[in-house]
Structure formats: structure tokens, C-alpha cells
Amino acid sequence: MSGTPIRALATLQARAARTARHQRRQFRASHATSGERPVIRLWLPLTALFLVLSPFAFLLLVVAVFVPWPRGVSPLDAVLAVGRVLLSLGGTEVDVQAPDALVRIKIV
């Protein structure tokens, strides 16, 4: 009879160890899928970018006037098209999912 409580104790300890391992795995899985990763928020102001790049735009326009364009594309129209694309980016939000964090970039 003295062997029965020891076996019962060993069985209970083994069950407790399995339960603890299972709970740790469940916690890690729920922690990873619940979006508990740190969120890094960045913003990119287009106004400052335009101010920095504006001298290069004028230089590009001067160079573009002297370079022959294929199929009759006007250099001024090409530069204005690039400007329109950049201006349309305002309000765009970009989410980048990295293994360690979620990075959100907002273009203002």
C-alpha cells in the first residue's frame, strides 16, 4: 500500500508538467496571434520632402529640355506627371509586418 500514493504523486506531477507545458504553448500562440507585437508609427511629411527635392526638380527640368524625348513626350509634361503622382500620395498609410514589430508609415 505504501507504493500507491507514490505512484499517484508521480502521476499527478507528470500531469502537472504536461499541463504547464501546454499552457505555456497556448500562451505563446495566443500572445503571437493577438497582435501583441510592438507597433512602430512613423510619418513622412511630403512638404519637407518637396522642399528638399525642389532644386533637383528644376535641374532635372533644365536637363530634360535638352535631352531628346521618345514619341513626342514633353519634358514639362513628364515632370508635372511625376509631381502629380507625388502629390497624390498624401494620406497614404503603409503597414509593414516584420517578425518583431508592426511598422506603420503615414505619408502626410
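Criteria and cut-off values
Residues numbered from 1 in each chain as written. Predicted model: local features only at pLDDT ≥ 70, side-chain atom pairs only at ≥ 80, totals over all residues. Heavy atoms only, no water. Helix = DSSP H or I, 4+ residues; strand = E, 2+ residues; numbered from the N terminus. Buried < 20%, exposed > 50% of the residue type's maximum accessible area, 1.4 Å probe, protein only. Contact = heavy atoms within 4.5 Å. Areas by Shrake-Rupley, 256 points an atom, 1.4 Å probe, with all protein chains shown as cover. Pairing = 2+ DSSP bridges. Axes fitted to C-alpha atoms, helices over the stretch in contact; angles between N-to-C directions. Expected span 1.5 Å × (residues − 1). Bend = angle between axes of the 7 residues up to and from the residue.

Undergrad: Describe in detail the overall build of the protein chain, supporting the description with residues and values.
TA: Within the protein chain one finds three helices and three strands. Of the regular secondary structure in the protein chain, the N- to C-terminal order runs α-β-α-α-β-β. Expressed as a percentage of its 108 residues, the buried residues of the protein chain come to 7%. Once local pairs closer than 6 in sequence are excluded, the contacts in the protein chain between residues at least 24 apart make up 59%. Total accessible area on the protein chain stands at roughly 9100 Å², and carbon and sulfur atoms take up 68% of it.

Undergrad: Explain the sheet that holds strand β2 (residues 93-97) to me, using residue names and the numbers behind them.
TA: Read from one edge to the other, the open sheet built from three strands follows the order β1-β3-β2, with strand pairing classed as mixed. With one partner strand each, in any of the chains shown, β1 (39-44) and β2 form the two edges of the open sheet. Going across the sheet, the axis of each strand differs from the next one's by a mean of 20°, ignoring polarity. Where β1 lies against strand β3 (residues 102-107), six bridges are found, and the strand directions are parallel. For Leu 42, the partnering residue across the bridge sits in β3 and is Ile 105.

Undergrad: An account of helix α2 (residues 46-66) is requested, with residue identities and associated values reported.
TA: Between its first and last C-alpha atoms α2 spans 29 Å; for 21 residues at 1.5 Å apiece the expected length is 30 Å, and the two agree. The sharpest bend along α2 comes to roughly 45°, located at Leu 53, with the proline Pro 55 sitting one to four residues further on.

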